Amino acid sequence: MNTKKSCLIAGLFSGAILAFAAKLLYEQRSRARIPSAEALDDAQVMQAFSRISSLPQMALMRKMVLKRALNLCSLGHALDLGCGPGYLVAELARSSADLFVTGIDLSEQALIEARQRTVLASINDRVDLRYGDAVEVPLPDNTIDLVVSTLSLHHWNSPVDVFNEIRRVLRPGGSFVIFDLRRDMSMPFWLLIWFVSNVVVPEALKRINEPMASRDAAYTPAEAQQLVSASKLTGWQVDAGPMWLFIEGRLDS
C-alpha cells in the first residue's frame, strides 16, 4: 500500500473516531434547563465577561440585535436591560442621534466601565446608566419607546415578571427586542459552545463553566413562547435562529 493511500485511510479513520467521540459528547448534554448565576460579585469574572464582549463574534451579535431594534424604533427613549459594560448602549446612541439610552445592570463594576465607554465616545449626554434589576425597573410607567436585552433572559429569576415590567415601562406602540441563546441548538453549535467553554475562554469563566452554563440555562423557542404568553406583554413573536432566539415586536397601541 503506497504512502498516499495509507495517509488517506488513516485520516478517514481518525475522522471517524473524532465524529464518534463528538457524537458521544453531544449525547451527554443537558436536556433539562439548569438555572445559572452570573457571579456578579466576582471581579475576575466581570473582567473576563468584558473582554469576551469585545470579541468580533460578540460585535456581530450586537450588530444583528441593533439592526432589528432600529428597524422597530430609532428615536425616543431606549432601555437596555442588563447592559453590562455598555457596548450595546454605546452602539445604540451612536447609531441614532434621536435616541436617548438608559442602561441598567446589577454589576457596579460593569456600570463603571460602561460610563467610561460612553464618555470616550462623547455620547454620555444621551446616556443614563443606573444600578437596577430587570424585575423592578427604576423608571416610570409608559416612558420608554424601545426595550432591548441581550443574553440576559436566561439569568432572569422570574422572566414573566420582567416581561410585565417591559410592558409597564413601554409607551403604547413601543418596541422590544430580547435576544438570547436557545438551549436546543443543534450539535455543531453545541460542540462549539463546549469547545469555547473548555479551551478558549479565560480561567475565570472556565470556573463557572461559561458560556456552556448560559446554554444550559437558556430556553427553547417553545419555552420562550410559554413564558411570554403568561405575561402582559402583547404584540410579540418568537423568532429562532440556529443557536439563538429573539422575542420581539411592538406593543399594542
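A short tour of the structure in this document, coming up. Quick caveat, the model's predicted, so the values are computed rather than measured. (Residues numbered from 1 in each chain as written. Predicted model: local features only at pLDDT ≥ 70, side-chain atom pairs only at ≥ 80, totals over all residues. Heavy atoms only, no water.)

**Some thoughts on the sheet that holds strand 2 (residues 99-105)**
Spatial strand order, 3-2-1-4-5-7-6: seven strands in an open sheet with mixed pairing. Because the sheet does not close on itself, it has two edges, and the strands there are strand 3 (127-131) and strand 6 (236-240). Strand-to-strand twist in this sheet, taken as the mean axis angle between neighbours without regard to direction, amounts to 15 degrees. Contacts from helix 3 (residues 56-72) reach strand 2, strand 4 (144-150), strand 5 (170-181), strand 6 and strand 7 (244-250) within the one sheet, and its direction differs from that of strand 5 by about 160 degrees. Helix-sheet contacts for helix 10 (residues 221-229) involve strand 6 and strand 7, and the interaxial angle to strand 6 is about 170 degrees. (Pairing = 2+ DSSP bridges. Helix = DSSP H or I, 4+ residues; strand = E, 2+ residues; numbered from the N terminus. Axes fitted to C-alpha atoms, helices over the stretch in contact; angles between N-to-C directions. Contact = heavy atoms within 4.5 Å.)

**Things to note about the packing of aromatic side chains**
Throughout the structure, instances matching the rule amount to three aromatic pairs. Considering the side-chain rings of phenylalanine 179 and phenylalanine 246, the 5.0 Å spacing of their centres and the 55 degrees angle between planes classify their relative orientation as tilted. On the criterion of sequence distance, the pair formed by phenylalanine 179 in strand 5 and phenylalanine 246 in strand 7 is long-range, its members being 67 residues apart. Sitting over the ring of phenylalanine 246, arginine 68 keeps its end group 3.9 Å from the ring centre. Directly above the aromatic system of tyrosine 87 lies the positively charged group of arginine 117, at a separation of 3.8 Å from the ring centroid. (Phe/Tyr/Trp six-rings, centres within 6.5 Å; stacked < 30°, edge-to-face > 60°. Lys NZ or Arg CZ within 6 Å of the ring centre and 35° of its normal.)

**Section: the pairing of strand 5**
Summarising burial for strand 5: nine of the 12 residues are buried, a large majority. Looking at chain direction, strand 4 and strand 5 are connected through six bridges and run parallel. Each residue of the ladder has a partner; that of threonine 150, found in strand 5, is phenylalanine 179. Read as a crossover between parallel neighbours, the route from strand 4 over helix 6 (residues 159-169) to strand 5 is right-handed. (Buried < 20%, exposed > 50% of the residue type's maximum accessible area, 1.4 Å probe, protein only. Right-handed = clockwise from strand over helix to strand, strands pointing away.)

**Let's talk about unusual backbone geometry**
At the junction of glutamate 210 and proline 211, the peptide bond is cis and its omega measures out at 10 degrees in the coordinates. Inspection of the secondary structure puts proline 211 in the loop between helix 8 (203-207) and helix 9 (212-217). Located in the positive-phi region is serine 122, a residue other than glycine, with phi close to 60 degrees. Note on serine 122: relative accessible area 58%, which makes it exposed.

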